[in-house]
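What follows is the residue order along each chain.
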Amino acid sequence: MVSITVENLTAGYGKYIVLKNLSFKHEGPGLIQVLGPNGAGKTTLLRTILGLIKPMEGRITINGEDVTGNPSRVGKYVGYVPQTTGLSEPDYPLTVMELIECCYVLRKPWPRMLVKSREKERIMKILEMVGLPREVWDKNFWDLSGGQKQRGYLARALVHDPLILLMDEPFSNIDPNGRVDLAELIGKLSRNKLVIATSHDPMLLLKYTTKILLVNRETYVYGSPEEVLRKDIAEKIYGKAVLEVREHIHIIDSHR
Ligand SMILES: Nc1ncnc2c1ncn2[C@@H]1O[C@H](COP(=O)(O)OP(=O)(O)OP(=O)(O)O)[C@@H](O)[C@H]1O
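Residues numbered from 1 in each chain as written. Predicted model: local features only at pLDDT ≥ 70, side-chain atom pairs only at ≥ 80, totals over all residues. Heavy atoms only, no water.

**Describing the packing of helix α3 (residues 96–106) against helix α4 (residues 117–129)**
Helix packing for two helices is described by the angle between their axes and how far apart those axes are.
Then, in step 1: Orientation of α3 relative to α4, taken along the N-to-C sense of each, is 120°, at an axis distance of 11 Å. With respect to their mutual orientation, α3 and α4 come out oblique. Between α3 and α4 lies a crossing of right-handed hand. Residue-level contacts link Val96, Met97, Ile100, Glu101 and Tyr104 of α3 to Glu119, Lys120, Ile123, Met124 and Leu127 of α4.
Then, in step 2: Of the residues belonging to the contact of α3 with α4, the class tally is seven nonpolar, no polar and three charged. (Axes fitted to C-alpha atoms, helices over the stretch in contact; angles between N-to-C directions. Helix = DSSP H or I, 4+ residues; strand = E, 2+ residues; numbered from the N terminus. Parallel < 35°, antiparallel > 145°, perpendicular 65-115°, else oblique. Left-handed = near helix turned anticlockwise from the far one by under 90°. Contact = heavy atoms within 4.5 Å. Nonpolar A, V, L, I, M, F, W, Y, C, P; charged D, E, K, R; others polar.)

**So, the domain arrangement of the protein**
Then, in step 1: Along its sequence, the protein is organised into domain 1 (1–77 + 162–255) and domain 2 (89–158).
Then, in step 2: Taken together, the contact pairs 16 residues of domain 1 with 10 residues of domain 2.
Then, in step 3: Buried area between domain 1 and domain 2, both sides added, is near 940 Å², and the carbon and sulfur share of it is 66%.
Then, in step 4: For the pair domain 1 and domain 2, the interface holds zero salt bridges.
Then, in step 5: Joining domain 1 to domain 2, the criterion identifies three residue pairs in polar contact (both at pLDDT 80 or more).
Then, in step 6: Listing elements by their share of the side of domain 1 that touches domain 2, those giving two or more residues are β7 (164–167) and α6 (176–189).
Then, in step 7: At four residues, the largest contribution of residues to the side of domain 1 that touches domain 2 is made by α6.
Then, in step 8: Looking at side-chain class alone, the side of domain 1 that touches domain 2 contains nine nonpolar, four polar and three charged residues. (Domains from an automatic or database assignment. Buried area = accessible area lost by both parts, 1.4 Å probe. Salt bridge = Lys/Arg side-chain N within 4 Å of Asp/Glu carboxyl O. Polar contact = N/O pair within 3.5 Å; in protein donor to acceptor, adjacent residues only side chain to side chain.)

**Quick notes on the pairing of strand β6 (residues 78–81)**
Then, in step 1: Neither face of β6 is exposed, since Val78 and Tyr80 on one face and Gly79 and Val81 on the opposite face are all buried.
Then, in step 2: Pairing analysis gives four bridges linking β6 to β7, with the strands arranged parallel. Among the inter-strand pairings, Val81 is bridged to a residue of β7, identified as Met167. (Buried < 20%, exposed > 50% of the residue type's maximum accessible area, 1.4 Å probe, protein only. Pairing = 2+ DSSP bridges.)

**Here's the deal with the site of the ligand**
Then, in step 1: Neighbouring residues of the ligand: 15 residues in total, closest Gly39, Gly41, Lys42, Thr43 and Thr44.
Then, in step 2: Backbone polar atom of Ala40 to an oxygen atom of the ligand: 3.1 Å apart, as the coordinates give it.
Then, in step 3: Contact with the protein chains removes 64% of the 640 Å² of surface that the ligand exposes when unbound.
Then, in step 4: Counting residues per element, the ones that place at least two in the shell around the ligand are β2 (16–27) and α1 (42–49).
Then, in step 5: Tallying contributions element by element places α1 first for the shell around the ligand, with three residues. (Near = heavy atom within 4 Å. Areas by Shrake-Rupley, 256 points an atom, 1.4 Å probe, with all protein chains shown as cover.)

**Topic: the state of the cysteines**
Then, in step 1: For the coordinates displayed, the defined rule picks out zero disulfides.
Then, in step 2: In this structure Cys102 is a free cysteine whose sulfur lies 6.6 Å from that of Cys103, the closest cysteine sulfur available. (Disulfide = S-S within 2.5 Å.)

**Quick notes on the packing of aromatic side chains**
Then, in step 1: If you walk through the whole model with that rule in mind, you get three aromatic pairs.
Then, in step 2: Ring plane angle 45° and centroid distance 5.2 Å describe the contact between Phe24 and Tyr222, whose orientation is recorded as tilted. Here the residue Phe24 occupies a position in strand β2, and Tyr222 occupies one in strand β10 (residues 219–223), the gap between them amounting to 198 residues.
Then, in step 3: Judged by its relative accessible area of 4%, Phe24 falls in the buried class.
Then, in step 4: You can call Tyr222 partly exposed: its relative accessible area is 22%.
Then, in step 5: Note on Phe141 and Trp142: the rings are 5.0 Å apart at their centroids and 90° apart in plane angle, and the pair reads as edge-to-face.
Then, in step 6: Here Phe141 falls in the buried class, since its relative accessible area comes to 0%.
Then, in step 7: According to the relative accessible area criterion, Trp142 is buried, its value standing at 14%. (Phe/Tyr/Trp six-rings, centres within 6.5 Å; stacked < 30°, edge-to-face > 60°.)

The structure is reproduced here in structure tokens:
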């Protein structure tokens, strides 16, 4: 069983406050979508949960353990798929396979043994599961396309079988066919993990969604999709960019 509690979180950069007094909790597997306009603080929230940003106030507990501002404690529970920008990637050569193996070995207790063949099989299964074709496994990771890199990051995040998966805009570099496959995969993962994913399009993952956190800096709403995806509520966060078409909420002009 997995649980996360975020209590009265105030976080930002230096004295610059991005999120103020934000609280939510969730118990059990499922999918929490984090939605909000550009600059709302979605990435800031994920980085704070990861312990990379120390909050000015508040507390984050995972399975009852206080992990606030402590990336190594968080790492026991959480896998992270960052947003891929295609810019400023490291230029050291590492194949896809090597990258995933390295991340796996780094998480092993000391003395760190090389990856055994059984473990290698597991890594290969994960690469297949995330939809990375065999022909790219021996390619330099940094030469992959944006979408392929994103799948590689997902494989890296899954290799330790974490209880919680944090995904920052998982669809941003994925083509339309790939989006359907990735949405299905996220849905499947959310059956036994807690997935927390930021997004600009609530519809892609809606049928798998347990809770939605609509956030815009110091304002937020947390609840089930039925409670949150209402025009009056979405307008509090997005203003006039919200369009209601039949029973669906669409957010226009929300991304880049
Ligand atoms: N390292 C940083 N130092 C200072 N300010 C930052 C830093 N990173 C982000 N910010 C600021 O914090 C605010 C929230 O940014 P954040 O990246 O969390 O938003 P977001 O909701 O993820 O946006 P997007 O949808 O555009 O990815 C923005 O005003 C941004 O300029």
